[in-house]
Structure formats: C-alpha cells, structure tokens
Amino acid sequence: LPLLLKATLLRLASGSYRPFYNGFYYNHIMNDNGDGQDKVDYFSGTKLVVETSKDPVYSYSGANVTLPCHYRYEPDTGPKRKIRIKWSKLRDDYTKEQDVMVAIGKTYMAFGDFKGRAHIRQASRHEASLVISDVRLKDDGKYRCEVIDGLEDESDVVDLRLQGIVFPYQPPRGQYKLNFHEAEQVCRDQGAILANFNQLFQAWSEGLDWCNAGWLADGTVQYPIRLPRKPCGGVHLAPGIRSYGPRHRHLHRFDAFCFSSALRGEVFYLDRLAGMTLEEAKQSCQDAGAEIARVGQLYSAWKFLGLDRCSAGWLADGSIRYPIATPRANCGPAEPGVRSFGFPSKGRFGVFCYKER
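This is a predicted model, so every value here is computed, not measured. (Residues numbered from 1 in each chain as written. Predicted model: local features only at pLDDT ≥ 70, side-chain atom pairs only at ≥ 80, totals over all residues. Heavy atoms only, no water.)

A short note on the nonpolar core
Inclusion rule: Definition of nonpolar core: a set of buried residues of the types Ala, Val, Leu, Ile, Met, Phe, Trp, Tyr and Cys, connected through side-chain atoms within 4.5 Å. Each residue's exposure class comes from its accessible area (1.4 Å probe, protein chains only) as a fraction of the maximum for that residue type: buried when under 20%, exposed when over 50%, partly exposed otherwise. Strands here are runs of E lasting at least two residues and helices are runs of H or I lasting at least four, both read from the DSSP assignment and numbered beginning at the N terminus.
L67, W87, L130, Y143, V267 and F352 are the most contacted members of the largest nonpolar core, which has 85 residues in total. Element by element, the count of residues in this core is highest for helix α5 (residues 295–304), at 5 residues.

Right, dumping it as structure tokens:
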C-alpha cells in the first residue's frame, strides 16, 4: 500500500497529469488540414453560447424547412478552429434522442430517415442551421442544436411543428378494435400518422370534441372533450383531454387519433348520373390521372383548402364521407366538418380523388 500511494503521488506531481474537467481530460477533434491527424484542444476560458428560435418553426408535409441555430463566443476572440455541430431529435419528455446529423467543417453525416434530406446551412459566420427537405409527418417535434468546441459543449432546442389536422378513426369492423400497432397502421393507410399529445391538444383548442378514446403516438389512450357530458367522463369534470394513461400495446383495443398535414396536391370530386361502386370509383380516379383519396387527404383538403362538397363520395378505405366548410340546410350538422356515412357494403356514390401537383 505505501508503494502504491507513493506511485500515485509521483504521478500527480508529474507534468503529464492533466486536471479533471467536466468528466474528460481532453477531447480529440479533426484539425483544419484534413490530413487525418488529431490535435488536442483545451478549455480556452471563452464562453460558448448557442441560440435557436424561441418560437416554433412551422412547416408542412413535402416542404423544405430551415431550423435556425447560431453560436457565438463571449468574448469574441476572433477566428476559431473548426467546431463540431450535432443535431438530434428529442422525445417530448426529453428522455431519448434520435441522431439527425453530425458535421465538422464541410464534412457531415446524416442518419436514419434523414439521410439525403438533411444538411447544415452555414451561410454566415457562426451559423449551424439545419435544413430538412421533403418534410415528413414524423419530422414534427423538438430538435437539439449542439455545438462542441474542445471541452465546451452547449446546445439549445427548437420546436418544428407541422401544420396539420387531427381526426379520429375507426376501422370498418367498428369501435375499439385496434391495438396500438394496428392503430399505427390504419393511420399510415390513410396518409397520416398517430397524433402526439401536443397535436391532440391543439386540435382540442380548435374545437375537436370526441367521446371515443383513441391511441396516441406515445402509447397512451386519450380523448378530447369540449362539452362535458355523462358518457364522456361526467358532467362535473372540466373540459379538456381525458386520459386513460399508457395501455398495453398488444392487448388493449381502442380507436386511433391520426394526424395529417397540408397537401402538396388537390382533392376533387367525380360523379356519374347513376353513381359508382367502390371499384368503379377507383377506376374513375385512375382514368383522371389521380388516385382515390384517403381519409387524411380529405380532412386536409377540407381544413387547408376549404373543400366544400355536399355530396357523399367514396374514399380509399371504403368509407363514404363529404366535407362541409360552410354549413347549410340538408348538409348535416350546424358546424363545419367532415361528415361520415360509415362503410356501406353496397351502394353507388360519387368519389373523391387525389392528384399530386
């Protein structure tokens, strides 16, 4: 033991021992020469500050979006060495991160679903903004911009929100028939994804009132109530989002709340004098250079394009619906919305088609 203690004291006294800082003795980064040689950088005493947008950044499916991020040094001591920039996508509760992109100088690598869609914009000094092209529904969420300079590591978070609409969905076989994984699939089938809580809350604040419980993207089951009533949690509860909490993703069965964004194309209506069967409706859309519309596309066209048609038509899931932007006599309830006639096994109707621009 005395020999071990003596050896330790000798090491502490030697110049090769580096003081402990923030869990690391030093940090290797790529040098400016691009020759593959590492250099070691130490804490400089300069404060690194990273800033993103404090307000949410809004976009829609299929668009290109820039998530702003800038950094600076206090005090600014002039040109700095190359720093490392890392972007991550966060869960709403900040418990897990998905790697999006890492960049050092002009060398960068995107990961997973962001390959080929993401790059760093450095149009000005100390800019580290993230550009995402062909935005997808699941891109909605919080992103962390992290700047690493030697031992200094600072970050800030920006919120990307897709302009969209939440709609409840039941499959043809009826109410409360979907486990979590089936709910994910039926939303995808309708050109949508399972909504998250923030999206459901936004829809509730805009007037969504639905008494049937449905899955959300985090595996919880909830439903929005604007007008308290006995079958929907009781008349004495305040309006709000009712929650069953997390449910078993395989065993428990509910409906689904789906989220669809604004469209890149258009939804239009076709009809014949005698109406059409579902198969005839699909063919009519194909003949028009389009495809039969999905439920999410009809909801999006109703909300964002003001689609208003007081004529029922087929959709891809075999349901019959029609969108009303301006309520009027013989067109359903007094509120705007997408009306549904369910899933008729037979009948002849018009059809809603969707065509990309």
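Side note on the pairing of strand β11 (residues 129–132)
For clarity, the threshold we go by: Any two strands are treated as partners once DSSP identifies two or more bridges connecting them.
Neither face of β11 is exposed, since S129 and V131 on one face and L130 and I132 on the opposite face are all buried. Alignment of strand β5 (residues 65–67) against β11, held across 3 bridges, turns out to be antiparallel. Looking across to β11, one finds that L67 is bridged to L130. One ladder, built from 4 bridges, connects strand β10 (residues 118–121) with β11; its direction is antiparallel. Of the residues in β11, the one forming a bridge with H119 is V131.

Topic: the pairing of strand β8 (residues 97–104)
Pairing of strand β7 (residues 84–90) with β8 involves 7 bridges; the strand directions are antiparallel. From the neighbouring strand, K86 faces β8, where its bridge partner is V102. Note: β8 against strand β9 (residues 107–110), 4 bridges, orientation antiparallel. Across the sheet, I104 pairs through a bridge with T107, a residue of β9. Taking the residues that link successive antiparallel strands as the turn, the β8-β9 hairpin has 2 residues, and the phi of G105 there is positive, at about 60 degrees.

Some details on unusual backbone geometry
Cis geometry marks the peptide bond from E74 to P75, where omega comes out at -5 degrees. Inspection of the secondary structure puts P75 in the loop between β6 (69–74) and β7. Even without a glycine there, the phi angle at D134 is positive, about 50 degrees. A relative accessible area of 30% means that D134 is categorised as partly exposed. Of note, the phi angle at Y176 is positive, near 55 degrees, even though the residue is not glycine.

A look at helix α2 (residues 180–189)
Stated formally: It is the directions from the helix axis to the C-beta atoms whose arc is reported. What makes two residues a contact is simply this: any of their non-hydrogen atoms within 4.5 Å. By the criterion applied in these results, polar contacts are pairs of N or O atoms within 3.5 Å in which, for protein atoms, one can donate a hydrogen and the other can accept it, and in which residues neighboring in sequence qualify only through two side-chain atoms.
Taken as a whole, α2 has its buried residues at F180, A183, V186 and C187. Along the axis of α2, the buried residues cluster in a sector spanning 120 degrees; they form a single face. Buried residues along α2 sit against β14 (164–169), β15 (193–194), β16 (214–215) and β19 (255–261). The distance from a side-chain oxygen at the start of α2 to the backbone nitrogen of H181 is 3.1 Å, and the residue carrying that oxygen is N179.

Thoughts on the side chain of N212
Within the element layout of this structure, N212 appears in the loop between α3 (197–205) and β16. Residue class for N212 comes out buried when judged on its relative accessible area of 18%. Here Q175 takes part through its side chain, which lies 2.8 Å from a polar atom of the side chain of N212. Setting aside its immediate chain neighbours within four residues, N212 contacts Q170, Q175, Y176, Q222, Y223, D255 and F257.

Regarding the state of the cysteines
Note on terminology: a disulfide is the covalent bond linking the sulfur atoms of two cysteines. Condition: Throughout, disulfides are identified as pairs of cysteine sulfur atoms within 2.5 Å of each other.
Throughout the structure, instances matching the rule amount to 5 disulfides. The disulfide partner of C285 is C353, and the S-S distance across this bridge is 2.0 Å. Residues C285 and C353 share a disulfide whose torsion about the S-S bond is about -80 degrees; that sign makes it left-handed. Here C353 lies in strand β25 (residues 350–356) and C285 lies in helix α4 (residues 278–287), a separation of 68 residues in the sequence.

As for the environment of H250
With respect to the helices and strands, the residue H250 is situated in the loop between β18 (240–246) and β19. Separated by 71 residues in the primary sequence, H250 and N179 place their C-alpha atoms 5.5 Å from one another. When residues no more than four places from it in sequence are discounted, the contact partners of H250 are N179 and H181.

Focus: the environment of W215
The residue W215 is located in strand β16 in this model. By relative accessible area, which is 0% here, W215 ends up buried. Counting along the chain gives 32 residues from W215 to R247, while the straight-line C-alpha distance between them is 8.8 Å.

Things to note about the sheet that holds β5
Heads up, the condition is: Axis definition: a line fitted to C-alpha atoms, limited for helices to the stretch in contact. Angles are taken between N-to-C directions and run from 0 to 180 degrees.
Taken in spatial order, the 3 strands line up as β5-β11-β10 in an open sheet, and their pairing is antiparallel. The sheet is open, and its two edges are formed by β5 and β10, each paired on a single side. Each strand of the sheet is rotated relative to its neighbour by a mean of 30 degrees, with strand direction disregarded.

Observations concerning α3
For α3, the full list of buried residues reads Q199, L200, A203 and W204. An end-on view of α3 places all buried positions within 140 degrees of arc, on one side of the element. Looking at the buried positions of α3, the neighbouring elements they touch are β14, β15, β17 (220–225), β18 and β19. Capping of α3 at its N-terminal end is provided by N196; its side-chain oxygen lies 3.1 Å from the backbone amide nitrogen of N198. Following α3 by one or two positions, G207 has its phi on the positive side, about 120 degrees.

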